[in-house]
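Coordinate inspection notes
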Amino acid sequence: MLRNLAISVHLCLSVAYSDLLIRDVTIVDVATGTTHPRHSILIRGKLIAATGRELTAPKGVQVIDGAGKFVIPGLWDMHVHLAQRGQLPLYLAHGVTGVRDMGSDLDRTKDWRHAIDQGDLLGPHIETCGPPFDGFPSDDSKHPVTMVRSPSEARTVYDSLDNRNVDFIGVLPRLPRDAYFALIERARKYYSPVAGAVPATVSALEAVDNRQRSIDQMSGILLACSTEERKLRGPRALALDRRDWDEFQDLEAKALETFDKEKAEALFHRMALFETRSVPVLVKLRSSPCTTDHYRKLAQLVGEMERAGVRIMAGTDDAQIQDELELLVDAGLTPAEVLRSATIEPAKYLDAAESLGAVESGKIADLVLLDANPLSDIRNTRKIAAVIFGGKYLSKLQLQALPVRP
């Protein structure tokens, strides 16, 4: 069976811990969008032991003065590609204590994850799919793929993953239609999440109805909202297969011109009903060759998704998480909703809400100390005073001393 998500995120650094009392901080309750001032947080080992106003420091506990600081749960980046070991410490420097790797060399990433779990390497929790499924070879050697062209190949390769400890199945847009449906049928049988792009020959609504767990980078969303969806899908898929980006952008522009609000509302209702998450990765879409009008429409749709009850999760494709959080606010989400997209929603998605996503007793001590309130301005998530990862305290000076990415 594939590696269980809820188990993997319970792993923390196996190092010597110094129990901590963080005194006189304001705890940000991301679930309710409220704050709890003048609280203290007692951390024992890797867990939060208690929170409250009247906590005193037990003998031998290190005391951190948190006056004027705000505490949020550690952030998750739900769309990354792990290509270099030097990436890993920098996630912590930006307050990211967990990542969902959407495609990498599986053996190497598993080695990094093991080193982090053993305390030999500083880096975030890692959930990984290894090389994602696609119908063509990768254009980038740093982003390997598992190539399948037929339903039988999809089933065989899926079965080969049985003992390889992947956390979910990643899919890319050039995966053939029949291979996709064979793969997702196999994954549903064995309760394996499928996430990533919507294959170009598959409608977003079909992906949702077949229980794809997340749709990343707004893949196929604009096409699914077009009155000309069926007419455009074939030429769009062919342009993608051929890497004819000019033609692809022309077809995306036609999808934008034929946008239908009722189709969008029906799709978003279905996504909310079946809990298909959206990981927009706006920071990448904004820098893509698409037109300004195209990006603005996609960003607008992210806000409409949130209001329709679609669960949004923050992802960056290896940019800085704060850039994505700020773009989500620009798209119409509130700072509280944006914080949930990087904390509570990933925890729920990973079936780990009992352990992650809140500053509460019994949760893993993955925390970020900020110098200002992120609920009043999401840009305050950049003002990191310290990060606590699995009970391990990293001061601002320690974070600044982390090596630069090679």
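Reading the values: rules and limits
Residues numbered from 1 in each chain as written. Predicted model: local features only at pLDDT ≥ 70, side-chain atom pairs only at ≥ 80, totals over all residues. Heavy atoms only, no water. Core = buried A, V, L, I, M, F, W, Y, C linked by side-chain atoms within 4.5 Å. Buried < 20%, exposed > 50% of the residue type's maximum accessible area, 1.4 Å probe, protein only. Contact = heavy atoms within 4.5 Å. Patch = residues over 30% accessible without salt bridge, like charges linked within 9 Å, V, L, I, M, F, W, Y side chains within 5 Å. Areas by Shrake-Rupley, 256 points an atom, 1.4 Å probe, with all protein chains shown as cover. Salt bridge = Lys/Arg side-chain N within 4 Å of Asp/Glu carboxyl O. Lys, Arg positive; Asp, Glu negative; His and termini not counted. Charge placed at Lys NZ, Arg CZ, Asp CG, Glu CD. Helix = DSSP H or I, 4+ residues; strand = E, 2+ residues; numbered from the N terminus. Phe/Tyr/Trp six-rings, centres within 6.5 Å; stacked < 30°, edge-to-face > 60°. Lys NZ or Arg CZ within 6 Å of the ring centre and 35° of its normal. Expected span 1.5 Å × (residues − 1). Arc of directions from axis to C-beta. Axes fitted to C-alpha atoms, helices over the stretch in contact; angles between N-to-C directions. Parallel < 35°, antiparallel > 145°, perpendicular 65-115°, else oblique. Left-handed = near helix turned anticlockwise from the far one by under 90°. Pairing = 2+ DSSP bridges. Right-handed = clockwise from strand over helix to strand, strands pointing away. 1 Å grid on protein atoms, 1.4 Å probe; cavity = no way out; pocket = protein on both sides within 12 Å on 5 of 7 lines; lining within 4 Å. Points joined across faces, edges and corners; volume = space filled by probe spheres on them. Nonpolar A, V, L, I, M, F, W, Y, C, P; charged D, E, K, R; others polar.

**Observations concerning the nonpolar core**
Within the largest apolar cluster, 109 residues are counted, with the highest numbers of intra-cluster contacts made by Ile-221, Leu-267, Phe-268, Met-271 and Leu-282. Apart from residues no more than four positions distant in its own chain, Leu-267 is found in contact with Ala-204, Leu-205, Val-208, Ile-221, Ala-224 and Cys-225. Ranked by size, the runner-up nonpolar core spans 16 residues in total, among them Ile-27, Ile-43, Ala-365 and Leu-369.

**Digging into a negative patch on the surface**
The grouping of Asp-244, Asp-246, Glu-247 and Asp-250 at the surface amounts to a negative patch. Summarising the element assignment, Glu-247 is placed in helix α9 (residues 245-257). According to the relative accessible area criterion, Glu-247 is partly exposed, its value standing at 32%.

**What about the packing of aromatic side chains?**
Inspection of every chain in the model, using the stated rule, returns three aromatic pairs. Relative to Phe-181, the ring of Tyr-180 has its centre 5.3 Å away and its plane inclined at 70°; by these criteria the two rings are edge-to-face. On the numbers, 5.9 Å between centres and 85° between planes, the contact of Trp-245 with Phe-248 is edge-to-face. Of this pair, Trp-245 and Phe-248 both sit in helix α9, three residues apart, which is roughly one turn of the helix. Judged by its relative accessible area of 42%, Trp-245 is partly exposed. The ring centre of Phe-136 lies 4.9 Å from the NZ or CZ of Arg-149, which sits over that ring. Taking NZ or CZ as reference, Arg-213 lies 4.5 Å from the ring centre of Tyr-349, over its face.

**Details of α9**
Relative to the 18 Å expected for 13 residues at 1.5 Å per residue, α9 spans 18 Å between its end C-alpha atoms, a close match to the ideal helical length. Taken together, the buried positions of α9 are Phe-248, Leu-251, Glu-252 and Ala-255. Summarising the axial view, the buried residues of α9 lie within an arc of 105°, below the 170-degree limit, and thus occupy one face. In α9, the exposed positions angled more than 90 degrees off the buried face are occupied by Asp-246 and Glu-257. Contact partners of the buried residues in α9: α7 (221-224), α8 (229-242) and α12 (292-308).

**Structural notes on the packing of helix α10 (residues 261-274) against α12**
Between α10 and α12, the shortest axis-to-axis distance is 9 Å and the interhelical angle comes to 50°. The pairing of α10 with α12 is recorded here as oblique in orientation. In this structure, α10 meets α12 at a crossing whose hand is right-handed. Contacts between α10 and α12 pair Phe-268, Met-271 and Ala-272 from the former with Leu-301, Glu-304, Met-305 and Ala-308 from the latter.

**Observations regarding the pairing of strand β7 (residues 96-101)**
Note on strand geometry: in a regular strand, side chains alternate between the two faces of the sheet. With respect to burial, β7 is a largely interior element, six of its six residues being buried. Sheet analysis places strand β6 (residues 75-80) next to β7, joined by four bridges and oriented parallel. Paired with Val-80 across the two strands is Asp-101, which belongs to β7. Each parallel crossover has a hand, and for β6 linked through helix α2 (residues 87-93) to β7 it is right-handed. Strand direction decides the pairing type here: β7 and strand β8 (residues 125-128), joined by four bridges, are parallel. The residue of β8 that forms the bridge with Asp-101 is Thr-128.

**Re empty space enclosed by the protein**
Summed over all chains, the structure comprises four cavities of 30 Å³ or more. The volume enclosed by the largest cavity comes to roughly 50 Å³. The residue makeup of the lining of the largest cavity, split by class, is five nonpolar, four polar and one charged.

**Considerations on α12**
Its 17 residues place the ends of α12 24 Å apart at the C-alpha level, agreeing with the 24 Å of an ideal helix rising 1.5 Å per residue. Looking at α12, one finds that the buried residues are His-294, Tyr-295, Lys-297, Leu-298, Ala-299, Leu-301, Val-302, Gly-303, Met-305 and Glu-306. Of the residues trailing α12, Gly-309 is marked for its positive phi of about 95°.

**Some thoughts on the sheet that holds β8**
Through backbone hydrogen bonds, the strands of a sheet pair up, either in parallel or in antiparallel fashion. One open sheet accounts for three strands, arranged β6-β7-β8; its pairing is parallel. Strand pairing shows two members of the sheet lacking a second neighbour, β6 and β8, which therefore form its edges. Neighbour to neighbour, the strand axes of the sheet diverge by 20° on average, direction disregarded.

**Some thoughts on the layout of surface pockets**
In this structure, the largest pocket encloses a volume near 1100 Å³. Around the largest pocket, the lining is made up of 46 residues, and of these Pro-173, Gln-217, Leu-240, Trp-245 and Lys-284 lie nearest the centre. Within the residue set of the lining of the largest pocket, elements represented by two or more residues are β11 (169-171), β12 (194-196), α8, α9, α11 (282-287) and α12. If you tally residues by element for the lining of the largest pocket, the top one is α9, at four residues. Looking at the lining of the largest pocket residue by residue, the classes come out as 22 nonpolar, 14 polar and ten charged.

**Regarding the environment of Thr-381**
Structurally, Thr-381 is set in the loop between β15 (367-370) and β16 (384-389). Judged by its relative accessible area of 1%, Thr-381 is buried. A C-alpha to C-alpha distance of 11 Å links Thr-381 and Glu-324, two positions 57 residues apart in sequence. Thr-381 has contacts with Gln-322, Leu-325, Leu-339, Leu-370 and Pro-374, leaving out every residue within four places of it along the chain.

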